[in-house]
Structures are given as C-alpha cells and as structure tokens.
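A look at the structure
Okay, here's what each chain looks like letter by letter:
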Amino acid sequence: MKTISELLEEAAAQAVPVVKAIEDDQLTGRTPCTEYDVRALLNHLFLVVDNFTVLAAKGTPDFSRTDDVVTGDWRGRFDEATTRLVKAWAEPGAEDGVSGGMGLPARTVGFMVLGDLMVHVWDLAKATGQDYVPDPALAAQLEPELAALAPQAREAKVFGEAFPAPPGATAFERVLAETGRDPGLLPLGR
C-alpha cells in the first residue's frame, strides 16, 4: 500500500504540467465546475493544496480565504505548493490519527486532497483544451476512498449528483462520475 505522500507525488507530477501550460488568455474561460472560471478554479486549487498541507501537520485549515493568487509566477508557485504538500504528508505521523479541524481519519483526509488534485486538474485540462489522463493505478486507489466519501460530500454540496458512468468506464471515469462530472465531456477550451 502506497503512502499518501507517494500518491500525491505521482498526482502532482501529472498535475503540474497541466497547470504550467495554462495561458493567461485562458484564465477567464469556463470550466466543468460551473461556479468557477479557470482563474477562480486555480485559486480554489491553491487554497485546497495550502489547507491540506496544514491538515497533514494536524493544523486547523482556513478555507475562507478568497485571495487571487493567480498573479506573478503563479505556475512556479503551484509547483512549489504541491512539493510542500507532498513533503507535509511524508512527515512521520501525517497519516496517523485524526486530522486537525476536520475530525476525520488523517489517511481519509489525504485521499480527499488526492481527489481534489486529480479531479480539478481534469477540470482545468478540459477548460483549456489539454489532455489529462492520470495513472490508472493511482485512480484505482482513489476510487474506493472517494466512493466512500461521496454521500457525505453530496450532502455538504461538495459533489454534484452522481453522473452515470459509461459501460466499461475506467477507474478515473468512475471517479469523475461519482463527483457529478460527465467523463465524456468534450474540451471546453482550445
């Protein structure tokens, strides 16, 4: 069984190139997350990565921040932020016990950020016309964890209603469907 840090390292290695390839003129484009344009979704993803770095150390997150961090060298800062996330989850005890602020098993919280990273990078890829297919083994490890969280996530309005997964769907397509996304969505951007 891989550690959360190892899983996040793999996911970040696939996420960072997608984020780095987003062009400034794409920041106002729409995304599969209808409440966010590309800039807002990037800001949300930074917020998630930063807060789950805090959660790895059993700290109390602050999800209320609404700063626009998509300024200056935001692409490089995203790379740095995901590196900090991976390191935080590699610290001794990060996966043990209960997370700070969320009251959930720490490993479950680690899978939450893994899901956010993979799914929102797919959203960004769709929004900007990029290809993104995460490692099937990574998606296979995420799928049962995310499915277990889905009822609570829907109740909290974090996930939309489940979308019907197509016959023969991959693990990641089932993850997308579980979060309320159409796995067959055509790219929205160029």
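Residues numbered from 1 in each chain as written. Predicted model: local features only at pLDDT ≥ 70, side-chain atom pairs only at ≥ 80, totals over all residues. Heavy atoms only, no water.

Observations concerning the overall build of the protein chain
What counts is decided by this rule: For helices the rule is a DSSP run of H or I covering at least 4 residues; for strands it is a run of E covering at least 2, with both sets numbered from the N terminus onward. Type-normalised accessible area, obtained with a 1.4 Å probe on protein chains alone, sets the label of each residue: buried when under 20%, exposed when over 50%, and partly exposed for intermediate values. Should any heavy atoms of two residues lie within 4.5 Å, those residues are counted as being in contact. The method behind every accessible area is Shrake-Rupley, applied with a 1.4 Å probe, and residues are considered shielded solely by the protein chains displayed.
Regarding its fold elements, the protein chain presents six helices and zero strands. In the protein chain, the succession of α and β elements from N to C terminus is α-α-α-α-α-α. Dimensions of the protein chain, computed from C-alpha atoms along their principal axes, come out at roughly 45 × 45 × 30 Å. Counting only residues that meet the buried cut, the protein chain has 46% of its 190 residues in that class. For the protein chain, restricting intrachain contacts to residue pairs at least 6 apart in sequence, the fraction spanning at least 24 positions comes to 69%. Accessible area for the protein chain stands at about 9,100 Å²; split by element, carbon and sulfur atoms hold 54% of it.

Comments concerning the packing of aromatic side chains
The condition is simple: When two rings of Phe, Tyr or Trp (its six-membered ring) have centres within 6.5 Å they constitute a pair, described as stacked for plane angles under 30 degrees, edge-to-face for angles over 60, and tilted for the intermediate range.
For the structure on display, the rule yields three aromatic pairs. Between F46 and F78, the aromatic rings sit 5.6 Å apart at their centres with planes inclined by 80°, giving edge-to-face as the arrangement. Taken together, the residues span a long stretch of sequence, with F46 in helix α2 (residues 38–56) and F78 in helix α3 (residues 74–90) at a distance of 32 residues. Note on accessibility: F46 and F78 belong to one class, buried.

Quick word on the packing of α2 against α3
The following threshold applies: To obtain an axis, a line is fitted to C-alpha atoms, over the contacting stretch when the element is a helix, and the angle between two such axes runs from 0 to 180 degrees between their N-to-C directions. For classification purposes, angles smaller than 35 degrees are called roughly parallel, those larger than 145 roughly antiparallel, those between 65 and 115 roughly perpendicular, and all remaining angles oblique. Working rule for handedness: look at the near helix, and if it is turned counterclockwise from the far one by less than a right angle, call the crossing left-handed; if clockwise, right-handed. Gly counts as polar in this scheme, as do all residues outside two lists: the nonpolar Ala, Val, Leu, Ile, Met, Phe, Trp, Tyr, Cys and Pro, and the charged Asp, Glu, Lys and Arg.
Contact geometry of α2 with α3 gives a least axis separation of 8 Å together with a crossing angle of 25°. When the interaxial angle is binned, α2 and α3 end up roughly parallel. Pair α2 / α3 crosses with left-handed handedness. In this structure, α2 contributes L42, L45, F46, V49, D50, F52, T53 and A56 to the contact, and α3 contributes W74, R77, F78, A81, T82, R84, L85, A88 and W89. Split by residue class, the contact of α2 with α3 holds 12 nonpolar, two polar and three charged.

Brief notes about the side chain of S99
Inspection of the secondary structure puts S99 in the loop between α3 and α4 (106–128). Setting aside residues no more than four positions away along its own chain, S99 makes contact with L55, K58, L104, A106 and V109.

Here's the deal with unusual backbone geometry
With a phi angle near 65°, K58 is a residue other than glycine that sits in the positive phi range. Topologically, K58 is positioned in the loop between α2 and α3. For K58, a relative accessible area of 30% puts it in the partly exposed group. Positive phi values are uncommon outside glycine, yet K157 reaches one of about 65°. The topology assignment puts K157 in the loop between α5 (136–155) and α6 (171–178). Residue classification places K157 among the exposed positions, given a relative accessible area of 72%.

What to know about the nonpolar core
Definition in use: The criterion is simple. A nonpolar core is a set of buried Ala, Val, Leu, Ile, Met, Phe, Trp, Tyr and Cys residues joined through side-chain atoms within 4.5 Å.
Residues L42, F78, W89, L114, M118 and F172 are the most contacted members of the largest nonpolar core, which totals 57 residues. The set of elements that each furnish at least two residues to this core consists of α1 (4–20), α2, α3, α4, α5 and α6. The element that contributes the greatest number of residues to this core is α4, accounting for 12 residues. Beyond its immediate sequence surroundings of up to four residues, M118 is in contact with A11, Y132, P134, L138, A139, L142 and F172.

Focus on the packing of α1 against α3
Where α1 contacts α3, the axes come no closer than 9 Å and their chain directions differ by 175°. Classed by the angle they form, the pair α1 and α3 counts as roughly antiparallel. Along its contact with α1, which presents I4, S5, L8, E9, A12, A15, V16, V19 and K20, the element α3 presents W74, R75, F78, D79, T82, L85, V86, W89 and A90. Class assignment of the residues belonging to the contact of α1 with α3 gives a composition of 12 nonpolar, two polar and four charged.

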